[in-house]
Amino acid sequence: MKLKGVIDSLNACNSDLEDYFINDDYIIQTVKSVGVFNPDVWKEAFKKPLTKNIVEAKILHTSTGLTIPLKRYSRSPQTQVIEFAGLHGYNERSKLLSELLQGLKEQIQHEQVTRLDVAIDFKGNIPNKVIKKLCKDREPFKFMNTIYYKSNSEKKQNYYMNIKTYNKSLTKNDTQNIHRLEFVFMRDYLKKIQVKDIEKSFKRMEKSIKKFSGLEVQISFL
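My aim in this report is to walk through the structure given alongside it, one point at a time. None of the values given here were measured: they were computed from a predicted structure.

This part takes up the nonpolar core. Among the nonpolar cores identified, the biggest contains 45 residues, and Ile82, Phe84, Leu181, Phe183 and Phe185 are the most heavily contacted of them. The greatest single-element share of this core, amounting to 5 residues, is contributed by strand 7 (residues 112–123). Beyond its immediate sequence surroundings of up to four residues, phenylalanine 84 is in contact with Asp8, Ser9, Leu10, Asn11, Ile68, Leu97, Leu100, Leu101 and Leu104. Of all hydrophobic cores here, the second largest spans 10 residues; its members include Val31, Phe46, Ala57 and Val81.

The structure is reproduced here in structure tokens:
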């Protein structure tokens, strides 16, 4: 029986994604730009620092109370990235975020996808055979609540794929003891796929997940 894998995060980009949100349902707050630098606002909104490789940072505030990052990176400053992170999080925010993305799919269908996170959740610990498979060709290292599994070639900057595990319950003060295995497929893996064609990449991602974890997974999206 195949396990369920769900898209937990999606990043999309084009030159000016914020143009989709110029209406009364949204407010766009500039945090970092020419003459503007408010890193504490970013950290309060997203619980992580504003890194040096982000040359422009804005926060999209929705009418439902969501805060969503809009970013330009130093490696491609002409491209604006929107990050829908936490689509599968067992909470009201995830529900609202999924509804927002569902409503935007038609508008952003031709935009390039630069990141897809596939989450596989277990009630209790991740099976030992899965961990052993992950460690076969990869070295685990822990950073805070997360264990990353890296090959030698991925230990530096990596735009292809990351694999990590963490206790999802700890991140949300949950008592269900949910442990998550997450495969992060990035720009070089996705090969300029558009939002409308996301599901065409699922078979390839499922094969990659099986190769590195031994798990048979069926991926679903929204």
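On we go.
Within this structure, the stated rule accounts for 14 salt bridges. One salt bridge connects glutamate 18 with lysine 58, and the closest N-O pair in it is separated by 2.9 Å. One end of the pair, glutamate 18, is in the loop between strand 1 (3–14) and strand 2 (26–33); the other, lysine 58, is in strand 4 (residues 54–62), and 40 residues separate them in sequence. With a closest N to O distance of 2.7 Å, lysine 71 and glutamate 83 form a salt bridge. In this pair, lysine 71 sits in strand 5 (residues 67–73) while glutamate 83 sits in strand 6 (residues 76–85), placing the two residues 12 residues apart along the sequence. What you see here is one network of salt bridges that share partners, running through Asp8, Asp121, Lys164, Arg180 and Glu182.

Quick look at unusual backbone geometry now. The phi dihedral of lysine 192 falls on the positive side, at around 60°, and the residue is not glycine. Considering the arrangement of structural elements, one finds lysine 192 in the loop between helix 5 (187–190) and helix 6 (202–213). Residue classification places lysine 192 among the exposed residues on the basis of a relative accessible area of 68%. Unlike most non-glycine residues, leucine 222 shows phi in positive territory, near 50°. Relative to the helices and strands, leucine 222 resides in the segment after strand 12 (217–220). Taking the relative accessible area as the measure of exposure, leucine 222 reaches 44% and is therefore partly exposed.

About the criteria used
- Residues numbered from 1 in each chain as written.
- Predicted model: local features only at pLDDT ≥ 70, side-chain atom pairs only at ≥ 80, totals over all residues.
- Heavy atoms only, no water.
- Core = buried A, V, L, I, M, F, W, Y, C linked by side-chain atoms within 4.5 Å.
- Buried < 20%, exposed > 50% of the residue type's maximum accessible area, 1.4 Å probe, protein only.
- Helix = DSSP H or I, 4+ residues; strand = E, 2+ residues; numbered from the N terminus.
- Contact = heavy atoms within 4.5 Å.
- Salt bridge = Lys/Arg side-chain N within 4 Å of Asp/Glu carboxyl O.

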